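The lines below spell out each chain.
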Amino acid sequence: MRAVLSVVGKDRTGILALVSNECLQFEANIEDVSQTVMQDVFNMFMIVDINKDTEEFLKFVNHIEQVGKENNLVIHVMHEDIFNAMHTI
């Protein structure tokens, strides 16, 4: 299953590495990434493939969002199907 992962926070060294390492722990493959810094605000979007069941997906979501809080980042994960449904007329 694929998901859209967004990260927002004050720019600093190592944010991409932090998020990538957390994805690695759950064997989530990063398929695409886009990042930018607007003034001093870091913004990143990732498409990740998590070949796990729903329970493991929910563990990943809870874990990575908590890592974000601990690192003063807002990390949000949305299942690809929900993302697509939100953008369908």
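For the structure given in this document, a descriptive report is provided here. Keep in mind the model is a prediction, meaning the values are calculated, not measured. Sequence positions are assigned chain by chain, starting from 1 and proceeding in written order. Note on the predicted model: pLDDT of at least 70 is required for a residue's local features to be given, and 80 or more for side-chain atom pairs to be given and counted; whole-chain, interface and lining totals, by contrast, use all residues. The side-chain figures draw on all heavy atoms in the structure; neither hydrogens nor water molecules are used.

Moving on: the pattern of salt bridges. Take a side-chain nitrogen of Lys or Arg and a carboxyl oxygen of Asp or Glu: if they are within 4 Å of each other, that pair is a salt bridge. In total, this model carries four salt bridges according to the counting rule given. The salt bridge partner of R2 is E31, with a shortest N-O separation of 2.6 Å. Of the two residues, R2 sits in strand β1 (residues 2–10) while E31 sits in strand β2 (residues 29–38), which places them 29 residues apart along the sequence. Relative accessibility thresholds used throughout: buried, under 20% of the residue-type maximum; exposed, over 50%; partly exposed, between the two (1.4 Å probe, protein chains only). A relative accessible area of 32% means that R2 is categorised as partly exposed. With a closest N to O distance of 2.8 Å, K10 and D40 form a salt bridge. A residue pair is termed long-range when its members are at least 10 positions apart, and K10 in strand β1 and D40 in the loop between β2 and β3 (41–49) qualify at 30 residues. Each helix is a run of DSSP H or I of at least 4 residues and each strand a run of E of at least 2, with the numbering of both proceeding from the N terminus.

Taken together, the buried positions of helix α1 (residues 15–25) are occupied by I15, V19, E22 and C23. Buried residues of α1 fall within an arc of 105° about the axis and therefore sit on the same side. Pointing more than 90 degrees away from the buried face of α1 are the exposed residues L24 and Q25. When checking whether two residues touch, look at their non-hydrogen atoms; a contact exists if any pair is within 4.5 Å. As for α1, its buried residues are in contact with β1, β2, β3, α2 (54–70) and β4 (73–79). The positive-phi residue at the C-terminal boundary of α1 is E27, with phi of around 55°. In this description, the arc belongs to the directions extending from the helix axis to the C-beta atoms.

In terms of nonpolar packing, the biggest core is built from 20 residues, with L5, V7, V19, C23, F60, I64 and V77 touching the most fellow members. Those elements that provide at least two residues to this core are β1, α1, β3, α2 and β4. Those residues in contact with I64 that lie beyond four places of it in its chain are L5, V19, E22, C23, I75 and V77. In this text, buried Ala, Val, Leu, Ile, Met, Phe, Trp, Tyr and Cys residues form a nonpolar core when linked through side-chain atoms within 4.5 Å.

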